Every structure is written in structure tokens, then in C-alpha cells.
Amino acid sequence: MAEPEIIFVNTEYGKNYVRLLHVQRDGKLHHIKELEVSTKLTLDTHKDYTEGDNSDIIATDSQKNTVYILAKQNGIKNIETFGLILANHFLEKYRHVCRAQIKIDQQGWKRVNVDGREHNHAFVETSDGTRFCTIDLRRYTNPIVCAGIKNLKIMKTTQSAFVNFVRDEYRALPDSKDRIFCTVVYAKWTYNRSEHFCFDKTWETVKNSIMDKLVGPPNTGIFSPSVQHSLYLAIRLSMAKINEVYGQKKH
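Scope of this entry: the structure provided in the associated data block. (Residues numbered from 1 in each chain as written. Predicted model: local features only at pLDDT ≥ 70, side-chain atom pairs only at ≥ 80, totals over all residues. Heavy atoms only, no water.)

1. Considering the layout of surface pockets
This is how it is decided: A cavity, in this analysis, means grid points on a 1 Å lattice covering only the protein atoms where a 1.4 Å probe fits yet has no way out; a pocket is instead an open set bounded by protein on both sides within 12 Å along at least five of seven lines, and a residue lines either one if it has an atom within 4 Å of a point. Grid points are joined across faces, edges and corners, and a volume is the space filled by probe spheres set on the points. The way it works is that DSSP assigns letters per residue, a run of H or I at least four long becomes a helix, a run of E at least two long becomes a strand, and they are numbered from the N terminus. Under the convention adopted here, Pro, Cys and the residues Ala, Val, Leu, Ile, Met, Phe, Trp and Tyr are nonpolar, Asp, Glu, Lys and Arg are charged, and Gly plus all remaining residues are polar.
Its boundaries defined by the atoms lining it, the largest pocket holds a volume of some 600 Å³. Along the wall of the largest pocket there are 22 residues; nearest its centre are Gln106, Gln107, Gly108, Trp109 and Glu204. Those elements that provide at least two residues to the lining of the largest pocket are β2 (29–43), β3 (97–107), β4 (109–114), β5 (117–125) and α4 (199–214). For the lining of the largest pocket, the residue count by class is four nonpolar, seven polar and 11 charged. In this model, the second largest pocket occupies a volume close to 220 Å³.

2. A few points about unusual backbone geometry
A negative phi angle is the norm for most residues apart from glycine, just as the trans form is the norm for most peptide bonds. Threshold: Summary of the burial criterion: residues with accessible area below 20% of their type's maximum are buried, those above 50% are exposed, and those between are partly exposed, where the area comes from a 1.4 Å probe applied to protein chains only.
Notably, Asn151 is not glycine yet its phi reads approximately 60°, a positive angle. As for its position among the elements, Asn151 is in strand β7 (residues 144–156). The phi torsion at His196 lies on the positive side, around 65°, for a residue other than glycine. By the element assignment, His196 lies in the loop between β8 (181–191) and α4. Classification of His196 by relative accessible area gives exposed; the value is 68%.

3. Focus: the state of the cysteines
Covalent bonding between the sulfur atoms of two cysteines defines a disulfide. Using the following cut-off: The rule for a disulfide is simple: a pair of cysteine sulfur atoms within 2.5 Å.
By the definition in use, this model includes zero disulfides. Sulfur of Cys98: no disulfide; nearest cysteine sulfur belongs to Cys146 and is 19 Å away. Here Cys98 falls in the partly exposed class, since its relative accessible area comes to 27%.

4. Points about the packing of aromatic side chains
As a reminder of what qualifies: Only rings of Phe, Tyr and Trp enter the pairing, Trp through its six-membered ring, and a pair is recorded when the two centres are within 6.5 Å. The plane angle decides the type: under 30 degrees is stacked, over 60 is edge-to-face, the rest tilted. Charge over a ring is defined by NZ of Lys or CZ of Arg lying within 6 Å of the ring centre and within 35 degrees of the ring normal.
This structure, assessed with the given rule, holds six aromatic pairs. Consider the rings of Tyr191 and Phe199, whose centres lie 5.2 Å apart with planes at 75°: the pair is edge-to-face. Accessibility classification places Tyr191 together with Phe199 in one group, the buried group. Looking at Lys156, its charged tip hangs above the ring of Phe181, at a distance of 5.2 Å from the centre.

5. Some thoughts on the pairing of strand β6 (residues 130–138)
Look at any regular strand and the pattern is simple: side chains alternate between the two faces of the sheet. The line we're drawing: A pair of strands is treated as paired once DSSP finds two or more bridges between them.
Among the nine residues in β6, eight count as buried, and that is most of the element. Relative to β6, β3 is paired through eight bridges, and the arrangement is antiparallel. Looking across to β6, one finds that Gln106 is bridged to Arg131. With seven bridges connecting them, β6 and β7 associate as antiparallel partners. In the strand pairing of β7, Asp136 is matched with Ile144.

6. Side note on α4
To keep it simple, the criterion reads: Take the number of residues in a helix, subtract one, and multiply by 1.5 Å to get its expected span.
In this model α4 runs 23 Å from its N-terminal to its C-terminal C-alpha over 16 residues, within 8% of the 22 Å that 1.5 Å per residue would give. Every buried residue belonging to α4 is among Phe199, Thr202, Trp203, Thr205, Val206, Lys207, Ser209, Ile210 and Leu214, and all of these are buried. Following α4 by one or two positions, Gly216 has its phi on the positive side, about 85°.

Now the structure itself:
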């Protein structure tokens with residue numbers, strides 16, 4: 001009886017949720033970045049599966065250690081740049097790695113404010129959205145760099161409506177011309193290049209565009225006929241301001 005043919009579809013493996021706190025001390029003024037890093041590698045051989053030969057395996061513990069060592073050696077300018085450093089390292093260090101995928105979440109922190117002055121070395125956690133990025137680098141190709149914001153909870157108590165939606169036997173909601181608006185925004189976009197521009201400025205521009213079109217000016221706000229329409233306007237605004245972004249997804 002012939003042995004069945006086995007096709008390897010996805011053989012990536014890696015280390016998830018590596019917690020990292022990077023502290024930069026400029027004299028008395030300190031800066032912090034708290035990250036959660038996940039790495040995935042794909043090898044160009046399958047002998048670990050077919051022969052039980054682990055000689056090409058970069059252990060997940062080694063991948064974890066790589067995150068810490070490269071953070072110490074290079075610092076963390078921003079999560080996108082650090083993700084690119086990690087992905088390039090895995091392909092340059094190990095010739096049998098054909099693909100490296102990096103995912104990084106950044107926890108928000110801001111300086112403690114004491115009597116109108118920012119503290120040099122004390123911080124408080126923020127909850128106004130989580131910054132994240134993904135890097136997908138295959139050998140002999142350019143990296144695919146995506147960035148985004150998630151868990152951005154927004155509420156406003158007026159300037160929102162929802163009317164003229166489907167009427168059938170399952171509908172219970174009445175039309176509402178003035179309602180409480182509350183949503184959790186997830187936004188992700190893809191960059192059309194990975195160097196010679198500012199990732200931080202671009203991320204802030206997209207976040208500000210979301211706030212401009214969902215929240216509006218502080219005194220008057222901005223009217224929203226639906227969450228979908230407001231997000232569409234935010235996408236249009238951010239893409240008009242940023243040449244380096246060619247695709248966005250928001251919900």
C-alpha cells in the first residue's frame with residue numbers, strides 16, 4: 001500500500017507574549033516603553049517533521065532571548081523599527097529561515113503630572129488605545145509593515161443618530177435621531193515603505209483623524225449618522241494626510 005502524500009501547508013512556529021520593559025535614562029529624565037512581542041519563524045526544510053531532526057530548530061526560548069538582547073543592543077525607537085530589526089536579524093543570522101513574522105503590542109504610559117509639572121521618572125498607565133504593529137518578512141522580498149490601534153473606547157452622549165435601517169419582523173429598535181454613541185475602535189493599516197519616514201508621526205496622524213471624525217471639536221462635536229460613516233470619513237482623512245499608507249481597515 002502506497003504511503004499517503006503529505007503536503008506541508010503552514011509550518012511556522014515561535015514564541016508568543018514576550019514581555020519587555022525598556023528604560024532609557026537621560027540623566028534624571030527617564031523614558032519607558034512596555035512591549036509584548038511575538039515571533040514566528042518558517043524554515044525552508046521539514047526534516048524536524050519527517051525525520052525528527054531538530055538541528056535546524058531555533059528554540060522558542062532562543063527567540064525570546066533574541067528579543068531581549070536586540071532591545072538592549074539597539075534600544076527601541078518605536079515598535080515598527082524594532083520589529084524590522086528582529087525580522088531582519090532572524091533571516092540574516094539563520095540562512096535556513098525563509099520567513100519571519102513579528103507582532104508587537106505597546107502598552108501606553110504617560111508621565112505623572114504633579115502641580116502642572118511632568119515627573120522625571122514616574123508614570124501612570126493609560127487606556128486610550130493600544131498601539132500595535134506586524135512585520136512579515138520573506139527572504140528576497142521587501143517587508144510588509146502594518147500598524148494599528150486597538151481597544152480605543154469612545155463614548156459621546158449626543159451628536160449621534162441611527163435611522164432608516166432595515167424594517168422587518170425581526171426589528172425591535174426604533175429610529176433614534178439623538179442617541180448615546182459608544183464603540184471600541186480597531187484600526188489597522190499597511191505602509192507602502194519601511195524606511196526614511198516617521199512611524200510615530202504617522203501613527204499619531206491616524207489616531208487624530210479617528211478622533212476628529214468620531215468626536216469632533218470640543219465645543220460642538222461632530223454629527224455621526226452611523227459608526228460606519230464616521231469610520232469611513234476617518235479613513236479618508238488619514239489617507240489624504242499620509243502618503244505612506246495604502247490600505248486601512250477599521251471597525
